[in-house]
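Here's the letter readout for the chains.
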Amino acid sequence: PLPVEPGSKLTLDLAALYDHSSPELTHVARYARGIQQRRGDYNGRILSIRADDLAALAIIYDTTPSSLLEKLSELGVLISDPAKFFAELKD
Ligand code: C2E
Ligand code: C2E
Ligand code: C2E
């Protein structure tokens, strides 16, 4: 099953993404920084991005959006439930 249901929000864990040593994430990290700059959204722990942006990134990685989602999930940079994510941070 997909880590993110179609129609649900695509949310990235920015600390996990930016700290990740994997060269596979270079383009995703650069893209996320670009979105943060355009929004002026600099202080967030997490970033919700557009479905269109996933499609653009899939082209960059020469894969499909669902395969890229799976990869992001495996690498631990996807957040499926932001409310739960913040609840666990407080523990
Ligand atoms: P824009 O696309 O002309 O959007 C203008 C404003 O409409 C955005 O200002 C935001 O307040 C709102 N908006 C547009 N689409 C959505 C949406 O799907 N959800 C939500 N919650 N709001 C939406 P904002 O956030 O200051 O962004 C300024 C500009 O930065 C946007 O202008 C767009 O050109 C770019 N941008 C921001 N975030 C993204 C993103 O995730 N992906 C892409 N491709 N561009 C983005
Ligand atoms: P949610 O989408 O589940 O997001 C939960 C919290 O994750 C947000 O709390 C915010 O702290 C963080 N978050 C999610 N996406 C981003 C992001 O792109 N940048 C940053 N800096 N933080 C992010 P918050 O802001 O109190 O919002 C609570 C709920 O209110 C959201 O739950 C969502 O359901 C709704 N909401 C907030 N802003 C928007 C918006 O622009 N558009 C829509 N449609 N709903 C919004
Ligand atoms: P969201 O704000 O809950 O928006 C959910 C979906 O509603 C968006 O999915 C998009 O299909 C539609 N939508 C919401 N606002 C607008 C709008 O102003 N114009 C148009 N044309 N469609 C809109 P999408 O694009 O996959 O975005 C997913 C999430 O990414 C959004 O959830 C929001 O949290 C974030 N996001 C996307 N674009 C922007 C943006 O420009 N600025 C900000 N601050 N957040 C954005």
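Conventions and cut-offs
Residues numbered from 1 in each chain as written. Chains lettered and ligands numbered in written order. Predicted model: local features only at pLDDT ≥ 70, side-chain atom pairs only at ≥ 80, totals over all residues. Heavy atoms only, no water. Pairing = 2+ DSSP bridges. Helix = DSSP H or I, 4+ residues; strand = E, 2+ residues; numbered from the N terminus. Salt bridge = Lys/Arg side-chain N within 4 Å of Asp/Glu carboxyl O. Buried < 20%, exposed > 50% of the residue type's maximum accessible area, 1.4 Å probe, protein only. Core = buried A, V, L, I, M, F, W, Y, C linked by side-chain atoms within 4.5 Å. Contact = heavy atoms within 4.5 Å. Arc of directions from axis to C-beta.

*Asks:* Got a minute to help me understand the sheet that holds strand S1 (residues 10–13) in this structure?
*Replies:* In any sheet, the strands associate via hydrogen bonds between backbone groups, in a parallel or an antiparallel arrangement. The antiparallel open sheet is built from three strands, whose spatial order is S2-S1-S3. Strands with a single pairing partner mark the edges of an open sheet, and in this sheet they are strand S2 (46–49) and strand S3 (78–79). The sheet contact formed by S1 and S2 spans four bridges and is antiparallel. Within S2, the position partnered with Leu10 by the bridge is Ile49.

*Asks:* Whenever I open this one, the pattern of salt bridges confuses me. Can you help?
*Replies:* When the charged atoms of two side chains with opposite charge come close together, those side chains can pair. Counted by the stated rule, this structure contains two salt bridges. The partner of Arg45 in a salt bridge is Asp13, with the nearest N and O atoms 3.8 Å apart. With a gap of 32 residues between them, Arg45 in the loop between helix H2 (26–39) and S2 and Asp13 in strand S1 connect regions that are remote in the sequence. In this structure, the salt-bridge partner of Glu24 is Lys71, at a minimum N-O distance of 3.2 Å. Here Lys71 lies in helix H4 (residues 65–74) and Glu24 lies in the loop between helix H1 (14–19) and H2, a separation of 47 residues in the sequence. You can call Glu24 partly exposed: its relative accessible area is 38%.

*Asks:* Is there a simple way to explain the nonpolar core in this structure?
*Replies:* In this structure, Leu12, Leu17 and Leu72 are the most contacted members of the largest nonpolar core, which totals 19 residues. At the level of secondary structure, the elements contributing two or more residues to this core comprise S1, H1, H2, S2, helix H3 (51–60) and H4. The biggest single contributor to this core is H2, with four residues. If near-sequence neighbours (up to four positions away) are discounted, Leu12 is found in contact with Leu17, Ala32, Arg45, Ile46, Leu47, Ile49, Leu72, Val77, Leu78 and Ile79.

*Asks:* Is there a simple way to explain H4 in this structure?
*Replies:* Counting along an α-helix, one turn takes 3.6 residues, and residues three or four places apart therefore face a common direction. All of the buried residues in H4 are Leu68, Leu69 and Leu72. Projected down its long axis, H4 shows its buried positions confined to an angular sector of 105°, all on one face. Of the surrounding elements, those touching the buried residues of H4 are S1, H2, H3 and S3. Immediately beyond the C-terminal end of H4, within one or two residues, lies Gly76, with a positive phi of roughly 75°.

*Asks:* How should I be thinking about the side chain of Thr11 in this particular structure?
*Replies:* Mapped onto the fold, Thr11 is located in strand S1. Leaving out residues up to four positions away in the same chain, Thr11 has contacts with Ile46, Leu47, Ser48, Val77, Leu78, Ile79 and Pro82.

*Asks:* Please explain the pairing of S1 as it appears in this structure.
*Replies:* In summary, the side chains of a regular strand alternate between the two faces of the sheet. Judged by which residues are buried, S1 turns out to be covered on both faces: Leu10 and Leu12 on one side and Thr11 and Asp13 on the other are all buried. Sheet analysis places S1 next to S3, joined by two bridges and oriented antiparallel. Across the sheet, the residue bridging to Leu12 is Leu78, located in S3.

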